[in-house]
Amino acid sequence: MAPLLLLQPLSVRGLRTARTDVRLLDTKSGKQRLVQGPATVVPEPLESADGVLDAVKLQEMDYTVVTNTLNGAQRVVQGPTLLFPGVFETIEPIRSKVALKKNEYAKVVDDGTGNIRVVRGPQVLVPAKATERLGPVLPAYELQKHQYVKLVDRATGQVRVERGEAIIFPGPNEEADHPKRPITFPGPHTESVRDAVHVDDETAVLVNSKQSGQQRLVVEKGLFFPDRYDEIVEVRKLVRVAPHEVAIARDNKGAFHFYSGAGGAEDAKGGGAAFFLQPHHELVTMMWSSGSSADDVKNNVVKKVTTVAYKVPVEKIDLRPQYAFFEYTVRTSDNVELVLEGQIFWQVSNVPRMIERTGDPKGDVWYHARSALIQAVSLITLETFSAQWQPGTDSYPPL
(Lines give C-alpha, C1' and ligand atoms only; values in the text may rest on other atoms or scores of the structure.)
Protein backbone atom coordinates (compact mmCIF):
# COMPACT_ATOMS: atom_id res chain seq x y z
CA MET A 1 0.00 0.00 0.00
CA ALA A 2 1.41 3.47 -0.98
CA PRO A 3 2.15 5.85 1.91
CA LEU A 4 0.01 8.90 2.60
CA LEU A 5 1.54 12.35 1.93
CA LEU A 6 0.43 15.09 4.28
CA LEU A 7 0.84 18.64 2.88
CA GLN A 8 1.07 21.31 5.57
CA PRO A 9 0.75 25.09 5.22
CA LEU A 10 3.74 25.89 7.49
CA SER A 11 6.96 25.35 5.52
CA VAL A 12 9.75 27.96 5.74
CA ARG A 13 12.79 28.29 3.42
CA GLY A 14 15.24 31.16 4.12
CA LEU A 15 13.19 34.34 4.50
CA ARG A 16 10.23 33.16 2.45
CA THR A 17 7.22 31.48 3.95
CA ALA A 18 5.74 29.11 1.43
CA ARG A 19 2.95 26.63 1.32
CA THR A 20 3.65 23.16 0.01
CA ASP A 21 2.79 21.06 -2.98
CA VAL A 22 3.76 17.64 -4.31
CA ARG A 23 4.58 16.50 -7.82
CA LEU A 24 3.45 12.96 -8.74
CA LEU A 25 4.75 10.94 -11.70
CA ASP A 26 2.85 8.03 -13.29
CA THR A 27 5.65 5.57 -14.07
CA LYS A 28 3.53 3.78 -16.67
CA SER A 29 2.16 6.68 -18.74
CA GLY A 30 4.77 9.30 -17.83
CA LYS A 31 2.08 11.79 -16.92
CA GLN A 32 2.66 14.17 -14.03
CA ARG A 33 0.27 15.97 -11.76
CA LEU A 34 0.71 18.64 -9.13
CA VAL A 35 -1.30 18.73 -5.92
CA GLN A 36 -1.29 21.89 -3.79
CA GLY A 37 -1.66 21.87 -0.04
CA PRO A 38 -3.12 21.83 2.44
CA ALA A 39 -4.35 18.38 1.49
CA THR A 40 -3.88 14.67 2.17
CA VAL A 41 -2.60 12.97 -0.97
CA VAL A 42 -2.86 9.24 -1.69
CA PRO A 43 -0.67 8.32 -4.71
CA GLU A 44 -2.06 5.92 -7.30
CA PRO A 45 -0.48 2.45 -7.46
CA LEU A 46 1.91 3.38 -10.28
CA GLU A 47 2.65 6.93 -9.10
CA SER A 48 5.83 8.07 -7.43
CA ALA A 49 6.34 11.37 -5.62
CA ASP A 50 9.33 13.72 -5.93
CA GLY A 51 8.74 14.83 -2.38
CA VAL A 52 6.99 17.74 -0.79
CA LEU A 53 8.10 21.06 -2.34
CA ASP A 54 7.75 24.62 -1.09
CA ALA A 55 5.74 27.13 -3.10
CA VAL A 56 7.45 30.49 -3.70
CA LYS A 57 6.13 33.56 -1.95
CA LEU A 58 6.55 36.83 -3.88
CA GLN A 59 6.52 40.10 -1.91
CA GLU A 60 4.94 43.35 -3.11
CA MET A 61 8.10 44.50 -4.97
CA ASP A 62 9.10 41.05 -6.31
CA TYR A 63 8.62 39.38 -9.64
CA THR A 64 10.00 36.32 -11.36
CA VAL A 65 10.02 34.60 -14.73
CA VAL A 66 8.44 31.14 -15.05
CA THR A 67 9.54 28.93 -17.94
CA ASN A 68 7.65 25.97 -19.33
CA THR A 69 10.34 23.37 -20.05
CA LEU A 70 7.98 21.46 -22.35
CA ASN A 71 7.28 24.19 -24.93
CA GLY A 72 9.68 26.97 -23.84
CA ALA A 73 6.90 29.46 -23.10
CA GLN A 74 7.69 32.07 -20.46
CA ARG A 75 5.53 34.27 -18.29
CA VAL A 76 6.12 37.02 -15.74
CA VAL A 77 4.58 36.56 -12.30
CA GLN A 78 4.32 39.61 -10.04
CA GLY A 79 3.96 39.79 -6.30
CA PRO A 80 2.31 39.75 -3.89
CA THR A 81 1.35 36.16 -4.54
CA LEU A 82 2.08 32.60 -3.61
CA LEU A 83 3.52 30.89 -6.68
CA PHE A 84 2.91 27.21 -7.37
CA PRO A 85 4.82 26.25 -10.53
CA GLY A 86 3.19 23.94 -13.03
CA VAL A 87 4.27 20.38 -13.64
CA PHE A 88 6.77 21.34 -16.35
CA GLU A 89 7.62 24.82 -15.09
CA THR A 90 10.82 26.18 -13.57
CA ILE A 91 11.22 29.43 -11.65
CA GLU A 92 14.07 31.87 -12.20
CA PRO A 93 15.61 33.77 -9.26
CA ILE A 94 13.36 36.39 -7.74
CA ARG A 95 13.99 39.96 -8.94
CA SER A 96 12.97 43.34 -7.63
CA LYS A 97 10.65 45.74 -9.41
CA VAL A 98 11.95 49.22 -10.25
CA ALA A 99 10.35 52.23 -8.57
CA LEU A 100 10.54 55.34 -10.79
CA LYS A 101 10.19 58.78 -9.26
CA LYS A 102 8.48 61.70 -10.98
CA ASN A 103 11.48 62.97 -13.00
CA GLU A 104 13.05 59.56 -13.66
CA TYR A 105 12.82 57.13 -16.52
CA ALA A 106 14.14 53.76 -17.63
CA LYS A 107 14.54 52.12 -21.01
CA VAL A 108 13.12 48.63 -21.47
CA VAL A 109 14.67 46.48 -24.20
CA ASP A 110 12.82 43.49 -25.63
CA ASP A 111 15.51 40.91 -26.40
CA GLY A 112 13.01 38.96 -28.45
CA THR A 113 12.08 41.71 -30.92
CA GLY A 114 14.76 44.35 -30.30
CA ASN A 115 12.16 47.02 -29.58
CA ILE A 116 12.92 49.68 -26.98
CA ARG A 117 10.39 51.61 -24.93
CA VAL A 118 10.80 54.45 -22.46
CA VAL A 119 8.87 54.25 -19.19
CA ARG A 120 8.49 57.49 -17.24
CA GLY A 121 7.84 57.88 -13.55
CA PRO A 122 6.16 57.97 -11.17
CA GLN A 123 5.29 54.29 -11.35
CA VAL A 124 6.55 50.83 -10.47
CA LEU A 125 8.23 49.22 -13.45
CA VAL A 126 8.02 45.51 -14.16
CA PRO A 127 8.63 43.73 -17.49
CA ALA A 128 5.50 43.20 -19.54
CA LYS A 129 7.07 40.09 -21.13
CA ALA A 130 9.69 37.61 -20.01
CA THR A 131 12.01 38.73 -22.82
CA GLU A 132 12.12 42.34 -21.66
CA ARG A 133 15.24 43.64 -19.90
CA LEU A 134 15.10 46.67 -17.62
CA GLY A 135 17.74 49.37 -18.08
CA PRO A 136 19.14 51.57 -15.33
CA VAL A 137 17.08 54.30 -13.72
CA LEU A 138 18.13 57.70 -15.13
CA PRO A 139 17.09 61.24 -14.29
CA ALA A 140 15.29 63.28 -16.90
CA TYR A 141 17.03 66.33 -18.34
CA GLU A 142 16.05 69.25 -16.11
CA LEU A 143 16.67 72.37 -18.18
CA GLN A 144 16.73 75.88 -16.81
CA LYS A 145 15.92 78.95 -18.90
CA HIS A 146 19.50 79.32 -20.18
CA GLN A 147 20.17 75.62 -20.83
CA TYR A 148 19.63 73.18 -23.68
CA VAL A 149 20.28 69.57 -24.59
CA LYS A 150 20.97 68.02 -28.01
CA LEU A 151 19.50 64.54 -28.56
CA VAL A 152 20.56 62.18 -31.36
CA ASP A 153 18.36 59.32 -32.55
CA ARG A 154 20.73 56.38 -33.11
CA ALA A 155 18.14 54.57 -35.25
CA THR A 156 17.45 57.38 -37.76
CA GLY A 157 20.33 59.80 -37.15
CA GLN A 158 17.93 62.71 -36.62
CA VAL A 159 18.92 65.39 -34.14
CA ARG A 160 16.71 67.61 -32.02
CA VAL A 161 17.54 70.45 -29.66
CA GLU A 162 15.40 71.06 -26.58
CA ARG A 163 15.59 74.33 -24.64
CA GLY A 164 14.65 75.16 -21.07
CA GLU A 165 12.65 75.67 -18.98
CA ALA A 166 11.50 72.08 -19.38
CA ILE A 167 11.81 68.49 -18.20
CA ILE A 168 12.97 66.44 -21.20
CA PHE A 169 12.66 62.67 -21.59
CA PRO A 170 14.61 61.10 -24.48
CA GLY A 171 12.98 58.84 -27.03
CA PRO A 172 13.57 55.07 -27.21
CA ASN A 173 16.66 55.38 -29.43
CA GLU A 174 17.81 58.84 -28.40
CA GLU A 175 21.00 59.65 -26.55
CA ALA A 176 22.36 63.02 -25.52
CA ASP A 177 25.18 64.40 -27.60
CA HIS A 178 28.22 65.72 -25.77
CA PRO A 179 30.92 67.84 -27.43
CA LYS A 180 33.87 66.15 -25.70
CA ARG A 181 32.99 62.48 -25.79
CA PRO A 182 31.16 59.97 -28.02
CA ILE A 183 27.57 58.95 -27.29
CA THR A 184 27.42 56.07 -24.83
CA PHE A 185 24.68 54.25 -22.98
CA PRO A 186 23.99 55.54 -20.46
CA GLY A 187 25.76 58.90 -20.43
CA PRO A 188 26.29 61.32 -17.58
CA HIS A 189 23.43 63.81 -17.69
CA THR A 190 25.41 66.57 -16.01
CA GLU A 191 27.79 66.72 -18.99
CA SER A 192 25.01 66.63 -21.60
CA VAL A 193 23.06 69.67 -20.40
CA ARG A 194 24.84 72.74 -21.74
CA ASP A 195 24.49 76.46 -21.13
CA ALA A 196 23.54 78.84 -23.89
CA VAL A 197 26.04 81.59 -24.67
CA HIS A 198 25.17 85.10 -23.55
CA VAL A 199 26.15 87.29 -26.50
CA ASP A 200 26.76 90.94 -25.60
CA ASP A 201 29.05 93.84 -26.49
CA GLU A 202 32.04 91.91 -25.15
CA THR A 203 31.20 88.38 -26.35
CA ALA A 204 30.55 86.71 -29.71
CA VAL A 205 30.18 83.08 -30.77
CA LEU A 206 32.00 81.32 -33.59
CA VAL A 207 29.64 78.65 -34.97
CA ASN A 208 30.34 75.88 -37.47
CA SER A 209 27.43 74.45 -39.47
CA LYS A 210 27.72 70.69 -39.92
CA GLN A 211 25.16 70.92 -42.71
CA SER A 212 27.02 73.43 -44.91
CA GLY A 213 30.51 73.21 -43.38
CA GLN A 214 30.69 77.00 -43.14
CA GLN A 215 31.59 79.11 -40.12
CA ARG A 216 29.81 82.24 -39.00
CA LEU A 217 30.29 84.76 -36.20
CA VAL A 218 27.17 85.43 -34.14
CA VAL A 219 27.13 88.93 -32.66
CA GLU A 220 23.36 89.45 -32.15
CA LYS A 221 22.83 90.22 -28.47
CA GLY A 222 20.92 87.75 -26.32
CA LEU A 223 21.05 84.06 -25.45
CA PHE A 224 22.42 81.99 -28.32
CA PHE A 225 21.06 78.45 -28.65
CA PRO A 226 22.69 76.43 -31.45
CA ASP A 227 20.55 74.79 -34.09
CA ARG A 228 20.56 71.00 -34.40
CA TYR A 229 23.32 71.15 -37.04
CA ASP A 230 25.32 73.90 -35.32
CA GLU A 231 28.49 73.33 -33.35
CA ILE A 232 29.97 76.02 -31.11
CA VAL A 233 33.64 76.26 -32.06
CA GLU A 234 34.68 79.06 -29.74
CA VAL A 235 33.36 81.86 -27.58
CA ARG A 236 35.31 84.94 -28.64
CA LYS A 237 35.92 87.99 -26.52
CA LEU A 238 36.25 91.51 -27.86
CA VAL A 239 39.85 92.38 -28.71
CA ARG A 240 40.75 95.86 -27.54
CA VAL A 241 43.59 97.83 -29.12
CA ALA A 242 45.08 100.82 -27.31
CA PRO A 243 45.78 104.02 -29.27
CA HIS A 244 49.51 103.22 -29.36
CA GLU A 245 49.03 99.58 -30.44
CA VAL A 246 48.44 97.57 -33.60
CA ALA A 247 47.01 94.06 -33.61
CA ILE A 248 47.65 91.67 -36.49
CA ALA A 249 45.23 88.94 -37.62
CA ARG A 250 45.86 86.28 -40.27
CA ASP A 251 43.06 84.68 -42.31
CA ASN A 252 42.82 81.21 -43.82
CA LYS A 253 44.52 82.42 -47.01
CA GLY A 254 47.54 83.69 -45.09
CA ALA A 255 46.76 87.38 -45.63
CA PHE A 256 47.42 89.80 -42.77
CA HIS A 257 44.87 92.28 -41.42
CA PHE A 258 46.06 95.18 -39.28
CA TYR A 259 43.90 96.70 -36.55
CA SER A 260 45.20 100.03 -35.27
CA GLY A 261 44.09 101.67 -32.07
CA ALA A 262 44.58 105.03 -33.74
CA GLY A 263 41.94 104.11 -36.31
CA GLY A 264 44.07 104.99 -39.29
CA ALA A 265 45.52 101.63 -40.24
CA GLU A 266 44.42 99.61 -43.19
CA ASP A 267 41.47 97.25 -42.69
CA ALA A 268 40.75 98.67 -39.22
CA LYS A 269 37.42 96.93 -38.63
CA GLY A 270 35.35 97.01 -35.45
CA GLY A 271 35.68 100.78 -34.95
CA GLY A 272 39.49 100.75 -34.92
CA ALA A 273 39.89 100.35 -31.14
CA ALA A 274 38.00 97.08 -30.60
CA PHE A 275 37.00 94.19 -32.83
CA PHE A 276 35.94 90.55 -32.94
CA LEU A 277 38.09 88.07 -34.81
CA GLN A 278 36.26 87.01 -37.95
CA PRO A 279 35.75 83.33 -38.95
CA HIS A 280 39.00 81.60 -39.97
CA HIS A 281 41.02 84.49 -38.52
CA GLU A 282 43.59 84.22 -35.76
CA LEU A 283 45.70 86.71 -33.87
CA VAL A 284 49.35 86.65 -34.85
CA THR A 285 51.62 86.06 -31.86
CA MET A 286 55.25 87.02 -32.42
CA MET A 287 58.15 85.88 -30.27
CA TRP A 288 60.40 88.85 -29.53
CA SER A 289 63.82 88.77 -27.89
CA SER A 290 63.96 90.22 -24.42
CA GLY A 291 66.35 90.68 -21.55
CA SER A 292 63.54 89.70 -19.16
CA SER A 293 61.71 86.40 -18.97
CA ALA A 294 58.00 86.00 -19.76
CA ASP A 295 57.19 85.89 -16.04
CA ASP A 296 59.10 89.14 -15.45
CA VAL A 297 57.23 90.83 -18.28
CA LYS A 298 53.90 89.54 -16.94
CA ASN A 299 54.68 90.86 -13.47
CA ASN A 300 56.09 94.19 -14.79
CA VAL A 301 59.57 93.44 -13.45
CA VAL A 302 62.31 95.51 -15.13
CA LYS A 303 65.91 94.32 -14.89
CA LYS A 304 69.04 95.87 -16.34
CA VAL A 305 70.01 92.91 -18.48
CA THR A 306 72.50 93.56 -21.24
CA THR A 307 71.72 90.47 -23.32
CA VAL A 308 68.60 89.21 -25.09
CA ALA A 309 68.49 85.81 -23.46
CA TYR A 310 64.71 85.19 -23.58
CA LYS A 311 61.84 85.05 -26.03
CA VAL A 312 58.52 86.55 -24.95
CA PRO A 313 55.15 86.42 -26.80
CA VAL A 314 53.87 89.65 -28.32
CA GLU A 315 50.29 89.87 -29.63
CA LYS A 316 50.02 93.63 -30.05
CA ILE A 317 52.73 95.83 -31.52
CA ASP A 318 53.66 98.79 -29.32
CA LEU A 319 54.34 101.88 -31.46
CA ARG A 320 55.90 103.91 -28.64
CA PRO A 321 59.69 104.38 -28.40
CA GLN A 322 61.38 101.43 -26.72
CA TYR A 323 64.84 100.76 -25.35
CA ALA A 324 67.22 97.91 -24.65
CA PHE A 325 70.42 97.70 -22.62
CA PHE A 326 73.56 96.37 -24.27
CA GLU A 327 77.07 95.33 -23.33
CA TYR A 328 79.34 94.47 -26.23
CA THR A 329 82.93 93.24 -26.20
CA VAL A 330 84.81 94.78 -29.16
CA ARG A 331 88.43 95.01 -30.37
CA THR A 332 90.22 97.93 -31.94
CA SER A 333 92.38 97.64 -35.03
CA ASP A 334 95.46 97.29 -32.81
CA ASN A 335 93.81 94.33 -31.02
CA VAL A 336 92.83 96.06 -27.78
CA GLU A 337 89.70 94.62 -26.19
CA LEU A 338 87.05 97.10 -25.06
CA VAL A 339 83.70 96.65 -23.31
CA LEU A 340 80.98 99.02 -24.51
CA GLU A 341 77.83 99.55 -22.43
CA GLY A 342 74.81 101.65 -23.24
CA GLN A 343 71.18 101.78 -24.34
CA ILE A 344 69.52 101.39 -27.70
CA PHE A 345 66.37 103.42 -28.36
CA TRP A 346 64.20 102.18 -31.20
CA GLN A 347 60.62 102.45 -32.46
CA VAL A 348 58.32 100.60 -34.88
CA SER A 349 57.04 103.06 -37.48
CA ASN A 350 55.59 100.79 -40.18
CA VAL A 351 53.93 97.59 -38.96
CA PRO A 352 53.11 96.01 -42.38
CA ARG A 353 56.70 96.51 -43.50
CA MET A 354 58.02 95.15 -40.19
CA ILE A 355 55.93 91.97 -40.44
CA GLU A 356 57.35 91.39 -43.93
CA ARG A 357 60.97 91.86 -42.88
CA THR A 358 61.30 90.26 -39.43
CA GLY A 359 59.55 88.28 -36.75
CA ASP A 360 61.81 89.63 -33.97
CA PRO A 361 62.48 93.37 -34.39
CA LYS A 362 63.93 93.86 -30.91
CA GLY A 363 66.43 91.04 -31.40
CA ASP A 364 67.32 92.34 -34.85
CA VAL A 365 67.98 95.85 -33.49
CA TRP A 366 70.17 94.49 -30.69
CA TYR A 367 72.25 92.27 -33.00
CA HIS A 368 72.50 94.87 -35.78
CA ALA A 369 73.77 97.45 -33.26
CA ARG A 370 76.30 94.92 -31.97
CA SER A 371 77.50 94.17 -35.48
CA ALA A 372 77.78 97.88 -36.39
CA LEU A 373 79.76 98.75 -33.25
CA ILE A 374 82.13 95.82 -33.64
CA GLN A 375 82.76 96.77 -37.25
CA ALA A 376 83.27 100.49 -36.49
CA VAL A 377 85.67 99.94 -33.55
CA SER A 378 87.69 97.44 -35.55
CA LEU A 379 88.58 100.23 -38.01
CA ILE A 380 90.26 102.54 -35.48
CA THR A 381 93.08 102.24 -32.96
CA LEU A 382 92.81 102.65 -29.21
CA GLU A 383 94.75 105.92 -29.47
CA THR A 384 92.24 107.32 -31.93
CA PHE A 385 89.32 106.09 -29.82
CA SER A 386 90.79 107.66 -26.67
CA ALA A 387 91.59 110.92 -28.38
CA GLN A 388 88.03 111.36 -29.60
CA TRP A 389 86.45 110.41 -26.27
CA GLN A 390 85.89 113.29 -23.87
CA PRO A 391 86.36 112.13 -20.23
CA GLY A 392 83.57 112.97 -17.81
CA THR A 393 80.93 113.10 -20.53
CA ASP A 394 78.87 110.65 -22.50
CA SER A 395 80.41 111.84 -25.76
CA TYR A 396 81.92 108.92 -27.62
CA PRO A 397 83.76 109.02 -30.92
CA PRO A 398 81.55 108.79 -33.97
CA LEU A 399 81.50 105.17 -35.01
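Heads up: the structure comes first, above all this text.
Source: prediction; values computed, not measured.

S.K.: Got a minute to help me understand the pairing of strand E39 (residues 322-331) in this structure?
M.R.: It is a general feature of regular strands that their side chains alternate between the two faces of the sheet. Bridge count for E39 against strand E40 (residues 337-346) is ten bridges, and the pairing is antiparallel. Bridge pairing in E40 links Tyr 323 to Phe 345. Here E39 hands over to E40 after five residues, with Asn 335 in that stretch at a positive phi of 65°.

S.K.: Sorry, what's going on with the pattern of salt bridges here?
M.R.: One side chain can pair with another of opposite charge once the charged atoms of both are near each other. Counted by the stated rule, this structure contains 15 salt bridges. A salt bridge links Glu 132 to Arg 117, with the shortest nitrogen-to-oxygen separation between them at 3.0 Å. In this pair, Glu 132 is assigned in strand E18 (residues 132-134) and Arg 117 in strand E16 (residues 116-120), connecting sequence segments 15 residues apart. The partly exposed category is assigned to Arg 117, whose relative accessible area is 29%. When the shortest N-O distance is used, the salt bridge between Arg 160 and Glu 162 registers 2.6 Å. With relative accessibility at 23%, the residue Glu 162 sits in the partly exposed group.

S.K.: When you look at the sheet that holds strand E27 (residues 203-209) in this model, what are you seeing that I'm missing?
M.R.: Strand pairing in a sheet relies on backbone hydrogen bonds. The paired strands run either parallel or antiparallel. If you trace the three strands from one edge of the open sheet to the other, you get E28-E27-E30, paired in antiparallel fashion. Each edge of the open sheet carries a strand with a single partner, namely strand E28 (215-218) and strand E30 (230-237). Here the average twist between neighbouring strands, direction ignored, is 25°. Relative to E30, E27 is paired through seven bridges, and the arrangement is antiparallel. What sits directly across from Asn 208, in E30, is Glu 231.

S.K.: Could you clarify how one ought to interpret unusual backbone geometry in this entry?
M.R.: Trans is the common state for peptide bonds, and a negative phi is the common state for residues other than glycine. Cis geometry is found at the peptide bond from Gly 79 to Pro 80, where omega equals 5°. Along the chain, Pro 80 falls in the loop between strand E10 (74-78) and strand E11 (81-83). Looking along the chain, the bond that leaves Gly 164 and enters Glu 165 is cis, with omega of 5°. Phi at His 280 is positive, roughly 65°, even though this residue is not glycine. Among the structural elements, His 280 can be located in the loop between strand E34 (274-275) and strand E35 (282-283). With relative accessibility at 39%, the residue His 280 sits in the partly exposed group. Phi is positive for Asn 335, close to 65°, though the residue is something other than glycine. Within the secondary structure, Asn 335 is located in the loop between E39 and E40. Asn 335 sits in the exposed class, given a relative accessible area of 53%.

Rules behind the numbers
- Residues numbered from 1 in each chain as written.
- Predicted model: local features only at pLDDT ≥ 70, side-chain atom pairs only at ≥ 80, totals over all residues.
- Heavy atoms only, no water.
- Pairing = 2+ DSSP bridges.
- Helix = DSSP H or I, 4+ residues; strand = E, 2+ residues; numbered from the N terminus.
- Salt bridge = Lys/Arg side-chain N within 4 Å of Asp/Glu carboxyl O.
- Buried < 20%, exposed > 50% of the residue type's maximum accessible area, 1.4 Å probe, protein only.
- Axes fitted to C-alpha atoms, helices over the stretch in contact; angles between N-to-C directions.

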